[in-house]
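In case you want the letters, here they are:
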Amino acid sequence: MAEEAKNNGGTGAVVAAQGHGSADGAVGTAVIASDAVQNPGLPPHRKRVTDLDPKKEKNAERTVYTLFYLSIAGSLGAVLAYMFLPIETGDPMAIRVHTLVVGLGMALALLAVGIGAVHWGKALMADHESIDERHPVPSNTETREASAEVFKLADEESGFSRRSLVRNSLIGALIAFPLPGITLLRGLAPQDRDPVQLLKHTMWTKGVRLARDPSGVPIKASEVTIGSAFHVIPETLTHEDFAKLSLDERGGSETLLDAKAKAIVLLMRLDQSELKELPERESWSYDGIVAYSKVCTHVGCPVALYEQHTHHLLCPCHQSQFDVSEHAKVVFGPAKRPLPQLPITVDDEGYLVAQSDFHEPVGPSYWERLK
């Protein structure tokens, strides 16, 4: 066979190969091509300009720590913008400027620290190829000692300990970067008043009529049919009436939007045979008509979807579901507390009115609540 291969033009070599699956160990042949593509290997290593020119290396180092200092400036700028650019007036232009400056500061903080870290790795850290082999676990003593040596070598090659300006500016940038986010948390709750009391007190008071949102037209009990759902606000929650109310009458809210966010209600009517009321709440409904806060007790999204056949209210944000037929208890999702119920009745003209305010704080359940 070898002679035959030579007669075929010498394009390959024939070697003996042990046959597989043969009981008598029969010998086969394999052809190894002589013109196979050779491994070209790695190209010659090209040194960077920072490896060849000390001035270029120094300029790269300056660029890196300058970017880290810019990151610090962006973080602090976002914090200062949040503190000194007011938005309490509700002026759209002021809100735009505030949002723009805070956003640009946070973007600069993240972008500068990212670009600086990449430039540090590409221009200043050791530039050579290395292979890390995987070893069985757990490692033996020698391997652990070798690992410690690797960390020591990495520190030397990166210059983390040696390049003090780069190291310190990076640490400063990483410390400053979370500050805007921490500062923005301040806006989640008022600092001068107890949020529990603010959420517990809304514009609903005894005798206030339930009105359609947003028209403000009062609702008669006869208009609420079985299976229907109404989005409801207090009748006094209009621009004309709101301006005449005291802060206490506004439910502690300084703006109409804040007052509405706490007072919004969903009104539904069920067959009384399907309504399973708590004994202490039997007087809170009227002829199968019940009213519940529209603010989800998970994170405060509007619970605006009503399934007539299941009597479930669905929050579209995180899919919490509340069973209206059983005092709006949670039947699915991350919410941990039923929706607060608004006690209602009718007045002499047949309009639905509130018996009182909510008996518990509305909204998310992460507040420190009073027992």
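Attention in this report is confined to the structure presented alongside it.

Parameters at a glance
- Residues numbered from 1 in each chain as written.
- Predicted model: local features only at pLDDT ≥ 70, side-chain atom pairs only at ≥ 80, totals over all residues.
- Heavy atoms only, no water.
- Helix = DSSP H or I, 4+ residues; strand = E, 2+ residues; numbered from the N terminus.
- Buried < 20%, exposed > 50% of the residue type's maximum accessible area, 1.4 Å probe, protein only.
- Areas by Shrake-Rupley, 256 points an atom, 1.4 Å probe, with all protein chains shown as cover.
- Pairing = 2+ DSSP bridges.
- Axes fitted to C-alpha atoms, helices over the stretch in contact; angles between N-to-C directions.
- Disulfide = S-S within 2.5 Å.
- 1 Å grid on protein atoms, 1.4 Å probe; cavity = no way out; pocket = protein on both sides within 12 Å on 5 of 7 lines; lining within 4 Å.
- Points joined across faces, edges and corners; volume = space filled by probe spheres on them.
- Nonpolar A, V, L, I, M, F, W, Y, C, P; charged D, E, K, R; others polar.

Within the protein chain, the regular secondary structure consists of 10 helices and 12 strands. The 371 residues of the protein chain split such that 34% are buried. For the protein chain, the exposed surface amounts to about 22800 Å²; the carbon and sulfur share of it is 59%.

Once that is clear, we can look at the sheet that holds strand S4 (residues 229-234). Taken together, 4 strands build an open sheet; the order of strands is S3-S4-S5-S6 and the sheet is antiparallel. Lying at the two open borders of the sheet, with one neighbouring strand each, are strand S3 (210-212) and strand S6 (289-293). When strand polarity is set aside, the average angle formed by the axes of neighbouring strands in this sheet is 45 degrees. Across 5 bridges, the pairing between strand S5 (residues 265-269) and S6 is antiparallel. Within S6, the residue paired with Val265 across the bridge is Ser293.

Quick look at the sheet that holds strand S7 (residues 305-307) now. Across the sheet, which stays open at both edges, the 4 strands sit in the order S7-S8-S9-S10 with antiparallel pairing between neighbours. Two strands in the sheet have a free side with no partner beyond their single neighbour: S7 and strand S10 (329-332). Going from strand to strand, the sheet's axes swing by 35 degrees on average, the running direction of each strand aside. Pairing between strand S8 (residues 312-314) and strand S9 (residues 321-323): 3 bridges, direction antiparallel. Across the sheet, Leu314 pairs through a bridge with Gln321, a residue of S9.

Further remarks concern the pairing of S6. Among the 5 residues of S6, 5 are classified as buried, and the element is accordingly described as predominantly covered. Side-chain alternation along S6 places Ile289, Ala291 and Ser293 on one buried face and Val290 and Tyr292 on a second face that is also buried.

Further remarks concern the state of the cysteines. The final tally for this structure, using the stated rule, is 1 disulfide. Put simply, Cys301 and Cys317 are joined by a disulfide, and their sulfur atoms are 2.3 Å apart. The sign of the S-S torsion, about -105 degrees, decides the handedness of the disulfide formed by Cys301 and Cys317: left-handed. Of this pair, Cys301 sits in the loop between S6 and S7 while Cys317 sits in the loop between S8 and S9, and the two are 16 residues apart along the sequence. Lacking any disulfide linkage, Cys296 is separated from the closest cysteine sulfur, that of Cys315, by 3.9 Å. Relative accessible area serves as the criterion here: at 1%, Cys296 is assigned to the buried category.

Moving on, we come to empty space enclosed by the protein. Under the definition given, this model contains 1 cavity of 30 Å³ or more. Of the volumes computed, that of the largest cavity is approximately 60 Å³. As for the largest cavity, its lining consists of Leu275, Lys276, Glu277, Leu278, Arg281, Val290, Tyr292, Val324, Ser325, His327 and Gln341. Class assignment of the residues belonging to the lining of the largest cavity gives a composition of 5 nonpolar, 3 polar and 3 charged.

Functional significance is not addressed by these values, which are geometric in nature.
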